[in-house]
Each structure stands twice: as structure tokens, then as C-alpha cells.
2 protein chains.
Amino acid sequence: MKVRIKEVAAAAGVSAATVSKVLSGRTGYAVQAETAQRVRQVALTLGYVPDVAARNLRTRRTGQLGVVLEAVGSSEPDQLLGGLTTSSAVRRTFDGAIMAGLSDAARSLNVPALVIYPGSSGLHRTYLDGRVDGLLVSCDPLRGHQLLQDLAQLPMPVVALWTQGKLPGISTVDVNHQAGARQAVEHLLNLGHTRIAFYGGGQASGVEHFQRREAGYREALEAAGLPALAAIHQGEQLVDAVCLGEVSAVFAETDLGAAAVVQALAGAGLSVPGDLSLVGFDDILGAEYIAGGLTTVYQPAAEMAAEGVRVLLARLGGAPVSQTLLPTRLMVRRSTARLSKGPC
Amino acid sequence: MKVRIKEVAAAAGVSAATVSKVLSGRTGYAVQAETAQRVRQVALTLGYVPDVAARNLRTRRTGQLGVVLEAVGSSEPDQLLGGLTTSSAVRRTFDGAIMAGLSDAARSLNVPALVIYPGSSGLHRTYLDGRVDGLLVSCDPLRGHQLLQDLAQLPMPVVALWTQGKLPGISTVDVNHQAGARQAVEHLLNLGHTRIAFYGGGQASGVEHFQRREAGYREALEAAGLPALAAIHQGEQLVDAVCLGEVSAVFAETDLGAAAVVQALAGAGLSVPGDLSLVGFDDILGAEYIAGGLTTVYQPAAEMAAEGVRVLLARLGGAPVSQTLLPTRLMVRRSTARLSKGPC
DNA sequence: CTGTTAGCGCGTTCAC
DNA sequence: GTGAACGCGCTAACAG
């Protein structure tokens with residue numbers, strides 16, 4: 001049978017309230033050290049474990065954090081990108097990293113549990129209210145903020161991952177896409193390239209991350225006094241530009257885009273980095289295989305998740321809404337080389 | 001403010017008890033249909049949501065399922081395998097697929113929430129008892145069953161994923177490694193290969209999955225009346241065997257192993273599938289990149305997770321301990337070819 | 001410094 | 001068919 005607090009109290013010769021005070025762990029309760037010690041000892045030998053449900057009812061808190069994963073579990077049909085891999089597979093990898101970061105942080109910060117919710121729809125108060133004290137939302141960067149705005153209505157703090165900007169009442173944690181992109185382009189500039197193209201949807205994509213990445217690209221070129229080219233998102237168009245000597249290096253908005261570039265070049269008998277230096281963004285699992293090792297921008301997904309937990313706990317402790325940007329890291333591999341003569 | 005059951009009762013002109021009976025959903029309570037309808041209507045318009053904590057306390061159940069992820073969040077240093085990628089990255093991908101499967105299943109089966117626990121250690125009753133009604137454990141195939149045996153002590157049903165065998169009191173759901181391996185080798189046999197090697201630790205690895213895969217390899221060869229070769233797990237050794245014409249095809253215990261084979265062969269100027277047909281196991285993210293498209297055995301991780309949820313719910317409903325094996329699927333890509341003349 | 005009291009909000013008996 | 005009373009196990013507030 002389960003041991004109750006009253007039995008511990010009886011065995012220790014104190015009242016239930018005293019046992020509660022001791023085991024709550026909270027200081028400032030004024031229990032004699034000797035008594036406290038005895039209570040702890042008795043609780044241990046009896047194998048007493050406080051009843052979670054009763055405690056939750058009384059304190060109106062659960063100690064649990066909710067995690068909404070917008071992409072995981074969406075069970076959408078996979079979309080082929082460049083015929084090479086699937087976007088949902090990539091998301092799964094990111095979510096895996098995020099899960100890992102969350103787990104680590106939760107354990108080290110002594111959060112009893114993370115409660116997971118698929119993000120898609122019907123995320124009613126019914127499911128969240130009373131089960132968690134606060135919410136971490138891993139937003140799908142390809143979608144808008146609809147889900148986030150719904151969740152913001154809940155009577156609990158919300159922290160959004162993969163997102164930045166002025167969302168009232170919501171703390172955000174994101175990677176610094178713009179700075180990461182700038183760093184990637186600066187790497188190409190340092191290798192002597194001056195004709196650097198941006199590959200991807202960029203501004204036109206409607207995806208904030210991509211827009212920031214293109215902004216970083218433009219920023220780097222402007223700082224170097226060089227012209228930014230119009231974004232390219234057609235393989236053939238890029239191949240033509242390379243053949244004409246208009247482009248010697250490409251910053252691709254994603255690693256998948258970079259993979260598509262490699263494929264398009266290969267179809268024209270061109271190679272990376274011989275004919276074109278190439279930098280991606282994301283450092284997806286498998287980036288080591290692209291072009292024999294794709295130079296790309298690593299996003300610290302696990303660290304972002306851990307930071308999210310810290311921010312959320314801080315807000316539960318009364319801290320104000322905040323916005324955090326984490327630095328990326330340029331992974332220099334073998335797809336970039338010093339500028340040489342043109343091809344074709 | 002939150003609406004309480006008493007307010008609903010008052011508004012509907014009945015007592016709180018009646019409201020509870022109606023909203024519990026249970027039949028056999030004998031409430032007049034008309035009354036029930038009115039209560040439901042009132043509850044809806046008032047936006048009444050039963051208090052989770054109070055309900056949990058009263059019913060001694062939570063409606064939540066616990067998920068223990070043994071590998072995710074273990075924050076171990078990555079181990080390099082074949083210099084190509086890392087085992088933890090692979091695990092993350094599998095865990096991602098498992099998370100996706102769990103989420104889908106939980107939603108479609110109307111489970112309010114999944115409570116996630118990092119698997120590593122100190123998974124005390126303190127954390128589990130009273131928070132979840134049952135447990136799904138995604139075991140690390142590379143480890144033993146220590147964690148599982150600890151969890152089996154808990155007063156709740158436990159379902160283990162990625163595991164099979166006779167664990168008292170624990171239901172298991174796993175992929176049929178042996179049948180999958182047999183199928184992979186049969187594919188090589190059908191291409192005319194007769195000198196087929198097994199690459200990996202196999203029996204000697206101490207890892208059950210790998211042992212079963214080697215068993216499947218032997219089974220297929222025996223059924224074809226051909227000799228099984230000793231397991232190889234050195235790249236140079238394999239290269240020698242290929243050059244000597246002793247081996248024309250390899251079944252690798254994992255995709256990472258297959259990647260290592262590709263690399264070793266490339267170092268000796270040999271190629272896949274020209275000089276050697278190669279089949280892997282796992283279908284990891286990135287398998288499309290290995291050897292231009294690795295033929296391999298896909299493991300239905302998401303389906304396995306979904307099945308785990310179903311099994312667990314069944315056990316909560318009184319069903320006995322069970323053991324399930326799910327079929328794999330051979331993904332034929334470009335690393336296998338019909339047997340031709342030997343190289344070197 | 002410690003014990004007593006009074007609920008937290010709901011579900012489940014039993015009378016009626 | 002319905003409602004009143006009770007208690008799940010714990011802890012916040014106060015009394016001593």
C-alpha cells in the first residue's frame with residue numbers, strides 16, 4: 001500500500017503539516033533542524049512519496065511544462081525538395097535535437113516532466129489547463145503564427161522557439177538567422193569571391209527565417225561594397241549564371257537547397273567547389289554527404305530548447321517577457337574554395 | 001474566472017452530482033435524456049472544463065501516458081562511426097520518428113497527453129507514480145534491459161519498444177529484425193550472388209538487434225544451401241575478400257556500417273554496386289546519399305510507436321501482456337546489382 | 001517553532 | 001431519477 005502523510009507524521013511524532021513543510025523543500029518555513037532531519041529519515045524508511053494529484057489540487061500547479069511540437073506528428077505527406085529528401089524528415093531531425101535539449105534542461109533544472117502535444121489543431125484549454133504550468137512551443141518556421149496566437153490566450157506563460165519578433169505576451173527564443181547568413185557570405189568574401197548569389201525563395205518565400213537569411217546575405221555584400229544579385233531559385237538559371245561567369249559562389253537558404261544546387265550543377269558537368277563554392281544553412285543530418293561535405297551554418301537547436309526551458313522557468317518565477325537570439329556557428333567543410341578561373 | 005461544476009448545476013437547475021454523471025460520458029447512470037441534454041448545453045455555453053487535478057485526485061487516474069526515451073537527452077559524447085556520422089544523431093532520427101508515431105496515435109486514440117521522461121537514471125516512483133497511468137519505454141537497442149527491469153517494478157503497465165523477448169510483465173513491440181535481414185539477403189540471392197558476407201559485430205556485438213540480423217542472414221543462406229561466411233567488421237579485411245573474389249555482396253548490419261564499407265572500398269578504388277552489391281539496415285536519414293542510394297531495410301519506427309500506444313491502452317483496459325513484431329520493408333535503391341565478373 | 005483547521009474541486013455512494 | 005453528504009491527500013493560513 002501507499003504510505004500517506006499522516007502515517008509519516010505519526011511515526012515521526014509530529015503533525016502532517018510539519019511533514020509537509022519539511023518535504024516541500026521550501027526554506028523559510030521555520031522547522032527545527034533536528035525535527036526536519038527526523039521527518040526526512042522516517043519518510044525515507046517508510047518509502048513515502050507525496051501524492052501528486054492531491055498536491056496539484058491543493059497548490060493549483062503541476063510542476064510540469066507543456067511542449068507543443070507543431071511539425072512532429074503532423075502526419076502530412078512528405079514534400080520532395082530537389083528530389084533528394086523530405087522536409088518532414090528534416091523537421092524530425094530538428095525536433096529530435098529540440099527534444100534532446102528539452103530533456104537535458106528539464107532534468108538538470110529539476111522539472112518533473114514535459115507534456116507533449118502535437119501542434120496541429122484543437123489544442124483546447126481542455127487539454128492544457130491544469131496539466132501544465134507553462135508552455136513551450138516549437139513553431140514550424142514554414143507556417144505563420146496562428147497557433148501561437150491561439151496559445152497566447154491561455155492563462156499561462158508561453159515561450160516560442162524558432163521564432164522572433166514582437167508577439168505580445170510571448171517570450172521568444174530563436175537562432176540569429178541574419179547574423180549566421182552574414183557570416184556565411186563573409187566566409188565566401190574571404191575566399192576572394194565577389195560574385196555571390198543567393199539561392200532560394202528569400203524575401204519572396206514569405207517565410208521569416210528565409211527572409212532574414214537573405215537580409216544577412218545583402219548586409220554582408222553591402223558592407224563589402226559589392227552588389228547583391230537577385231535571388232535565384234531555379235537550378236538551370238543558376239547553371240547558366242555560372243557558365244557565363246556571373247556567379248562564382250552561392251549562399252543557399254537551406255541545405256536542401258544546396259543539395260539541389262549540387263544536383264543541378266552535376267547535370268551540367270560542373271562540380272563543387274571546383275566550379276562553384278557553396279554554403280548552405282541548417283547543418284542538417286546528412287550535410288556531411290552533400291558535395292563531399294557541405295560548408296553550412298549550424299543551428300544550435302538543442303541549446304535553443306534548453307534556453308527556452310530556462311526562459312519559461314524564469315517567467316514562472318515572475319520574470320518579464322523576453323526575446324533571445326542565439327548565435328549560429330559556421331561549419332567549414334569542403335564545398336567552399338578560394339576563387340579560381342571560371343569554367344565552360 | 002474558471003467555471004465550476006456547481007455553477008453549471010445551478011444554471012441548469014440540477015445538482016452538481018447530476019452534472020458529473022452526465023459529463024462523465026458513462027452510460028448506465030440513469031439520467032433523463034432531456035435533463036442530460038440541457039446540462040450539456042449549459043456546460044458548453046458556460047465554457048465549463050472539469051478541473052483536471054480534482055478529477056485525478058478523485059479517480060486516481062490521470063489519462064496520461066508516460067514515454068521514457070532512453071537515448072534522447074542522454075547527452076553522451078557522439079561516437080564516430082566510420083568517420084561519417086554519429087550514432088546519437090541517428091538515434092535522434094529514430095526518436096523523432098517514434099515521437100511522430102506516438103503523437104499521431106495519442107491524438108487519434110484520444111489520449112490527453114504524453115509525458116516525457118529522459119531515460120537515463122533516477123527514474124523514481126517519485127516522478128512516475130500518480131502522473132501517468134502507464135508507460136511506454138523506447139529502449140536503447142545498444143544497451144541492456146536494466147532500465148526496463150527497474151520500470152517493471154512500478155505499479156502500472158509497461159510497454160517496451162525496440163525490444164522483444166520474454167520480459168515478465170512487460171509487453172513488447174519490435175521490428176522483425178530477423179525476417180528483415182532474411183529478406184535483404186534474399187534480394188542479393190535473387191540478383192545471382194552466392195558469396196555474400198555479413199558486415200558488422202553480429203553475434204559477437206552483444207546487441208540483440210544485431211544478433212537477430214545476423215541470424216536472419218544465416219537463415220537465408222542456409223535456406224539457399226549456401227555457406228554463411230564469418231562476420232567481418234574490418235574494412236580492409238572486406239576489401240581483401242572482394243579483391244580475392246571471395247565476396248560479391250555484403251549485407252551490413254546497419255546503414256552506418258554500409259557507409260563505412262563504401263568508404264573502405266573507395267579507398268581501394270572499388271565501387272558500389274560495380275564491384276560489390278551492398279545492402280544496409282535501418283534506412284537512416286541520409287541513406288539516399290550513401291553510394292548514390294543505399295538499398296536497405298526500412299524500420300517502421302512510427303508504426304511501432306503507434307502500435308505501442310494501442311497495446312498500452314489495451315492493457316489499461318485489462319488485456320494481458322503481449323508481444324508484437326512488425327514487418328520491415330526492403331527499400332531497393334542503387335547499391336545492389338546483378339552479379340557480374342570480379343574486379344582487381 | 002509546531003499543531004489544528006479548513007478547504008482545493010470533483011466523483012461517488014447512499015437516501016429520498 | 002435526483003440530490004445531499006462525504007472524502008480523495010495535501011497544504012495555506014492561522015492559533016497556540
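Residues numbered from 1 in each chain as written. Chains lettered and ligands numbered in written order. Predicted model: local features only at pLDDT ≥ 70, side-chain atom pairs only at ≥ 80, totals over all residues. Heavy atoms only, no water.

Naming follows an unreviewed UniProt entry, where chain A appears as LacI family transcriptional regulator of Deinococcus psychrotolerans.

Concerning the protein's contact with DNA strand C
In the vicinity of DNA strand C lie 26 residues, with Gln-32, Thr-35 and Arg-58 of chain A together with Arg-55 and Arg-58 of chain B positioned nearest. Here a phosphate oxygen of DNA strand C and a backbone polar atom of Gln-32 of chain A are 2.5 Å apart. Counting residues per element, the ones that place at least two in the surface near DNA strand C are helix H2 (16-23) and helix H4 (52-59) of chain A together with helix H2 (16-23) and helix H4 (52-59) of chain B. Of all the elements, H4 of chain B adds the most residues to the surface near DNA strand C, at four residues. (Near = heavy atom within 4 Å. Polar contact = N/O pair within 3.5 Å; in protein donor to acceptor, adjacent residues only side chain to side chain. Helix = DSSP H or I, 4+ residues; strand = E, 2+ residues; numbered from the N terminus.)

Some words on the protein's contact with DNA strand D
What surrounds DNA strand D is a group of 24 residues, the closest being Ile-5, Ser-20, Tyr-29 and Tyr-48 of chain A together with Arg-58 of chain B. The contact atoms of DNA strand D, taken as those within 4 Å of the protein, divide so that sugar and phosphate hold 73%. Backbone polar atom of Ile-5 of chain A to a phosphate oxygen of DNA strand D: 2.7 Å apart, as the coordinates give it. Here a phosphate oxygen of DNA strand D and a side-chain polar atom of Arg-55 of chain A are 2.8 Å apart. Of all elements in the fold, only H4 of chain A together with H2 and H4 of chain B reach the threshold of two or more residues within the surface near DNA strand D. The residue inventory of the surface near DNA strand D, partitioned by class, reads 10 nonpolar, six polar and eight charged. (Nonpolar A, V, L, I, M, F, W, Y, C, P; charged D, E, K, R; others polar.)

Comments concerning the sheet that holds strand E8 (residues 196-199) of chain A
Residue and element names in this part refer to chain A. Here three strands make up an open sheet; going across it, the order is E8-E9-E10 and the pairing parallel. Looking at strand neighbours, the two that pair on one side only are E8 and strand E10 (277-279), the edges of this open sheet. Recorded for the sheet is a direction-independent mean angle of 20° between the axes of neighbouring strands. Contacts from helix H9 (residues 208-223) reach E8 and strand E9 (249-252) within the one sheet, and its direction differs from that of E8 by about 175°. (Pairing = 2+ DSSP bridges. Axes fitted to C-alpha atoms, helices over the stretch in contact; angles between N-to-C directions. Contact = heavy atoms within 4.5 Å.)

Quick look at the UniProt feature "domain: HTH lacI-type" (unreviewed entry) in chain A
Taking the numbering used here, the UniProt-annotated feature "domain: HTH lacI-type" (unreviewed entry) corresponds to residues 3-59 of chain A. Regarding residues 3-59 of chain A, the helix share stands at 67% and the strand share at 0%, and the terminal C-alpha atoms are separated by 20 Å. (UniProt positions renumbered as here; feature names shortened; annotations may be inferred.)

A word on the pattern of salt bridges
Counted under the stated rule, the structure contains 21 salt bridges over all chains. Across the pair Arg-107 of chain B and Asp-104 of chain B runs a salt bridge whose closest N-O atoms are separated by 3.0 Å. One end of the pair, Arg-107 of chain B, and the other, Asp-104 of chain B, are both in helix H5 (residues 87-108), three residues apart, so they sit about a helical turn from each other. Three or more residues are tied together by salt bridges with common partners; here these are Lys-2 and Asp-51 of chain A together with Arg-60 of chain B. (Salt bridge = Lys/Arg side-chain N within 4 Å of Asp/Glu carboxyl O.)

Quick word on the environment of Cys-243 of chain A
With respect to the helices and strands, Cys-243 of chain A occurs in helix H10 (residues 235-243). A sequence separation of 27 residues divides Cys-243 of chain A from Leu-270 of chain A, and the C-alpha atoms of the two residues are 9.0 Å apart.

So, the packing of aromatic side chains
Scanning all chains against the criterion turns up six aromatic pairs over all chains. Judged by centre distance (5.8 Å) and plane angle (65°), the rings of Phe-198 of chain B and Phe-251 of chain B are edge-to-face. Of this pair, Phe-198 of chain B sits in strand E8 (residues 196-199) while Phe-251 of chain B is found in strand E9 (residues 249-252), placing the two residues 53 residues apart along the sequence. Assessed through its relative accessible area of 0%, Phe-198 of chain B is described here as buried. Put simply, the rings of Phe-198, Tyr-217, Phe-251 and Phe-281 of chain A touch in pairs and so form one group of aromatic residues. If you follow Arg-213 of chain A out to its NZ or CZ, it ends over the ring of Phe-281 of chain A, 3.8 Å from the centre. (Phe/Tyr/Trp six-rings, centres within 6.5 Å; stacked < 30°, edge-to-face > 60°. Buried < 20%, exposed > 50% of the residue type's maximum accessible area, 1.4 Å probe, protein only. Lys NZ or Arg CZ within 6 Å of the ring centre and 35° of its normal.)

Here's the deal with the sheet that holds E8 of chain B
All names here are of chain B. The three strands are arranged E8-E9-E10 in an open sheet whose pairing can be described as parallel. Of all the strands in the sheet, the pair left with one neighbour each is E8 and strand E10 (277-279). When strand polarity is set aside, the average angle formed by the axes of neighbouring strands in this sheet is 20°. Relative to E10, E9 runs parallel, the two being bridged by three bridges. Directly across from Phe-251, in E10, lies its bridge partner Val-279. Across the sheet, helix H8 (residues 177-190) lies against E8, E9 and E10, angled at about 170° from E9, the strand it touches most.

A short note on the domain arrangement of chain A
Residue and element names in this part refer to chain A. Partitioning chain A into structural domains gives domain 1 (5-50), domain 2 (65-175 + 300-327) and domain 3 (177-299). At the junction of the two partners, domain 2 supplies 17 residues and domain 3 supplies 15 residues. Of the roughly 1400 Å² buried between domain 2 and domain 3 on both sides combined, carbon and sulfur atoms contribute 62%. Counting across the interface, domain 2 meets domain 3 through zero salt bridges. Taken together, the links from domain 2 to domain 3 amount to five residue pairs in polar contact (both at pLDDT 80 or more). For the side of domain 2 that touches domain 3, the secondary structure elements donating two or more residues are helix H5 (87-108), strand E7 (170-175) and helix H12 (301-316). Per element, the largest residue contribution to the side of domain 2 that touches domain 3 is three residues, and it comes from H5. Class assignment of the residues belonging to the side of domain 2 that touches domain 3 gives a composition of 10 nonpolar, five polar and two charged. (Domains from an automatic or database assignment. Buried area = accessible area lost by both parts, 1.4 Å probe.)

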